[in-house]
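Summary of structural features
Given next are the chains, with one letter for each unit.
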Amino acid sequence: MQIRQSEGIQTVLIGVVLAIFAAIALSSFVIINPGEAGVLSILGKAQDIALQEGIHLKPPFISTVDVYDVTVQKFEVPAQSATKDLQDLSARFAINFRLDPEQVVAIRRKQGSLQNLVNKVIAPQTQESFKVAAALRTAEESITKRNELKQDFDAALSQRLQKYAVIVLDTSVIDLNF
């Protein structure tokens, strides 16, 4: 009877040890999918190297990985400005952008989430870039030379967002009103 009881305790102990080993082994890896980049944080401190797609080792239980989508994103933003001849001009833009996968650690440290980046950086920079581009032409030129307005806006926005590790791929003027 004691032999059976000790065999049962041994089986339970082996099961517990295997379960603990499996939990440690499974929490020691992270998979970053294509189109994503990750930031490894150990005890709350972001590490300096971005995790690119693939499988990566990480310290179990004391680390987290924030995953960022580095594929093309779309953000629509309204903008208002005044033209060279002081006419009010309002527009709606679609911004196609992506995050620089090599810079996601800097984005994580400075902005936090993608939503913070969009709300605190991309939206205000879009407004300011439109003001710069619209102020260069009259109301009539804004309509007749819409392509030039877009080119000036693209150049201003790309330059402003580059320092935030945001790559502007394209913009579209969805609506333009006076």
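Residues numbered from 1 in each chain as written. Predicted model: local features only at pLDDT ≥ 70, side-chain atom pairs only at ≥ 80, totals over all residues. Heavy atoms only, no water.

1. Quick look at the overall build of the chain
In terms of regular secondary structure, the chain is built from five helices and eight strands. Tracing the chain from N to C terminus, the helices and strands come up as α-β-β-β-β-β-β-β-α-α-α-α-β. The proportion of buried residues among the 178 residues of the chain is 35%. Long-range contacts, defined here as pairs at least 24 residues apart, represent 69% of the contacts in the chain between residues at least 6 apart. Carbon and sulfur atoms make up 57% of the accessible area of the chain, which totals about 10800 Å². Computed over 18 positive and 19 negative side-chain charges, the inter-centroid distance for the chain is 5 Å. (Helix = DSSP H or I, 4+ residues; strand = E, 2+ residues; numbered from the N terminus. Buried < 20%, exposed > 50% of the residue type's maximum accessible area, 1.4 Å probe, protein only. Contact = heavy atoms within 4.5 Å. Areas by Shrake-Rupley, 256 points an atom, 1.4 Å probe, with all protein chains shown as cover. Lys, Arg positive; Asp, Glu negative; His and termini not counted. Charge placed at Lys NZ, Arg CZ, Asp CG, Glu CD.)

2. Section: the pattern of salt bridges
One pass over the full model with this rule turns up eight salt bridges. Across the salt bridge formed by Asp-48 and Arg-109, the nearest N and O atoms sit 2.8 Å from each other. Of the two residues, Asp-48 is situated in the loop between strand 3 (45-46) and strand 4 (54-57) and Arg-109 in helix 2 (residues 104-110); the sequence distance between them amounts to 61 residues. Residue class for Arg-109 comes out partly exposed when judged on its relative accessible area of 45%. Between Glu-76 and Arg-92 there is a salt bridge, and its shortest N-O distance comes to 3.3 Å. Residue Glu-76 is found in strand 6 (residues 73-82), and its partner Arg-92 is found in strand 7 (residues 88-99); the two are separated by 16 residues along the sequence. What makes Arg-92 partly exposed here is its relative accessible area of 32%. (Salt bridge = Lys/Arg side-chain N within 4 Å of Asp/Glu carboxyl O.)

3. Observations regarding the packing of aromatic side chains
Using the criterion set out here, one finds two aromatic pairs in the structure. Residues Phe-93 and Phe-130 carry aromatic rings whose centres are separated by 5.2 Å and whose planes lie at 65° to one another, so their mutual orientation is edge-to-face. Taken together, the residues span a long stretch of sequence, with Phe-93 in strand 7 and Phe-130 in helix 3 (residues 114-134) at a distance of 37 residues. By the burial criterion, Phe-93 is buried, and Phe-130 matches it. Ring geometry for Phe-93 against Phe-153: centres 4.0 Å apart, planes inclined by 15°, an arrangement best described as stacked. Here Phe-153 lies in helix 5 (residues 146-162) and Phe-93 lies in strand 7, a separation of 60 residues in the sequence. Across this residue pair, the class does not change: Phe-93 and Phe-153 are buried. Through a chain of ring-to-ring contacts, three or more aromatic side chains come together here, namely Phe-93, Phe-130 and Phe-153. (Phe/Tyr/Trp six-rings, centres within 6.5 Å; stacked < 30°, edge-to-face > 60°.)

4. Points about the pairing of strand 2 (residues 36-42)
Where burial is concerned, most of strand 2 is hidden: five out of the seven residues are buried. Where strand 2 lies against strand 5 (residues 63-69), seven bridges are found, and the strand directions are antiparallel. Following the sheet pairing, Glu-36 is matched in strand 5 by Asp-69. For strand 2 and strand 3, the ladder comprises two bridges, and the chain directions are antiparallel. (Pairing = 2+ DSSP bridges.)

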